[in-house]
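Here is how the chains run, residue by residue.
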Amino acid sequence: MHATGYRHRHRDHDLADMQRAPRTVCYVFAVTLHYGFLSTFVWTSVLSFDIWKNVAAIRHTSTREKDFVFYCVTSWASPVPVVALGVTLDSLPSEFALAPRYGLYSCWISSIWGQVSLFLVPVLLLLLVDVGLYAHIVIYIRKTSHQADGFDFRSRGERSNMALYVKLAMIMGVTWLIGFVAAFVNITAVDIVVIVLIGAQGVYLFVAFKDYEHLLPNCFAKAARTEAANDS
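Residues numbered from 1 in each chain as written. Predicted model: local features only at pLDDT ≥ 70, side-chain atom pairs only at ≥ 80, totals over all residues. Heavy atoms only, no water.

Remarks on the packing of helix 2 (residues 64–77) against helix 3 (residues 79–91)
- At a closest axis distance of 5 Å, the pairing of helix 2 and helix 3 adopts a crossing angle of 15°. Here helix 3 runs roughly parallel to helix 2, going by the angle between their axes. Where helix 2 approaches helix 3, its residues Thr74, Ser75, Trp76 and Ala77 are matched on the opposing element by Pro79, Val80 and Pro81.
- Partitioning the contact of helix 2 with helix 3 into residue classes produces five nonpolar, two polar and no charged. (Axes fitted to C-alpha atoms, helices over the stretch in contact; angles between N-to-C directions. Helix = DSSP H or I, 4+ residues; strand = E, 2+ residues; numbered from the N terminus. Parallel < 35°, antiparallel > 145°, perpendicular 65-115°, else oblique. Contact = heavy atoms within 4.5 Å. Nonpolar A, V, L, I, M, F, W, Y, C, P; charged D, E, K, R; others polar.)

Dropping the structure here:
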């Protein structure tokens, strides 16, 4: 009798652990994902600020090494208070309206108001900063078009500036802004376009800024010499 009762209690305890484990894993994954997304958007804003500082503001008061350390600390530390607030609200005994409820229904923020206050609002603010910096750079380049000569383009003038605007838009988070708007539009075609734009962003930048030349320098050097010989 006692052995049977013990087995039943032990089995119930095992079932409780089996039900609790996925929620725990999902909770940790949701918190990590929340932090990772916020850090990604902060990195985009930091990169936008660095481009703005060197193009429009023209400030070179510190070394690149110090800037990089500052950018790393800013990008990795800034999301911590937001995520910590979410974890704190989740730990409260009463169900607070803005509590994210990490991992409750999915491995993400399960509360609508928690998602709005702890994710969408911070992301929107960062994207607005990116767009503001981008707009100022475009205005600055249009007023002083000779600033675009420092970039590697084969052609000059308005066509060259337009190519520069597109490249800067890809770097400075305009595609993320489109994705943010698409989140509120239930159109499959828009979702596909956003996924392609964001997913191919790294490939586009790799090609647009000719980073491939660093991987195959000898091949491109040989091709350049051949082209120069043909031109002569």
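Okay, back to it.
What about the UniProt feature "transmembrane region" (unreviewed entry) in the protein chain?
- Mapped onto the present numbering, the UniProt feature "transmembrane region" (unreviewed entry) falls on residues 27–47, 112–141, 162–183 and 189–209.
- End C-alpha atoms of residues 27–47 are separated by 30 Å, and the span's content is 100% helix alongside 0% strand.
- The straight-line gap between the two end C-alpha atoms of residues 112–141 is 41 Å; of that span, 100% is helix and 0% is strand. (UniProt positions renumbered as here; feature names shortened; annotations may be inferred.)

A word on unusual backbone geometry
- Unlike most non-glycine residues, Arg101 shows phi in positive territory, near 55°.
- Of note, Arg101 is situated in the loop between helix 3 and helix 4 (112–143).

Concerning the nonpolar core
- Ranked by size, the top nonpolar core spans 18 residues in total, and within it Ile51, Tyr134, Ile137, Ile141, Leu168 and Met172 carry the most contacts.
- Among the secondary structure elements, those contributing two or more residues to this core are helix 1 (2–57), helix 4 and helix 5 (157–171).
- Discounting residues that sit within four places of it in the chain, Met172 has contacts with Thr44, Ser48, Ile51, Asp130, Leu133, Tyr134 and Ile137.
- Counting residues in hydrophobic clusters, the runner-up holds 14 residues, among them Trp108, Ile109, Val123 and Phe180. (Core = buried A, V, L, I, M, F, W, Y, C linked by side-chain atoms within 4.5 Å. Buried < 20%, exposed > 50% of the residue type's maximum accessible area, 1.4 Å probe, protein only.)

A short note on the pattern of salt bridges
- What the rule picks out here adds up to one salt bridge.
- Note that Asp67 and Lys53 form a salt bridge whose closest N and O atoms lie 3.0 Å from each other. One end of the pair, Asp67, is in helix 2; the other, Lys53, is in helix 1, and 14 residues separate them in sequence. Comparing Asp67 with Lys53, the two get one shared label, buried. (Salt bridge = Lys/Arg side-chain N within 4 Å of Asp/Glu carboxyl O.)

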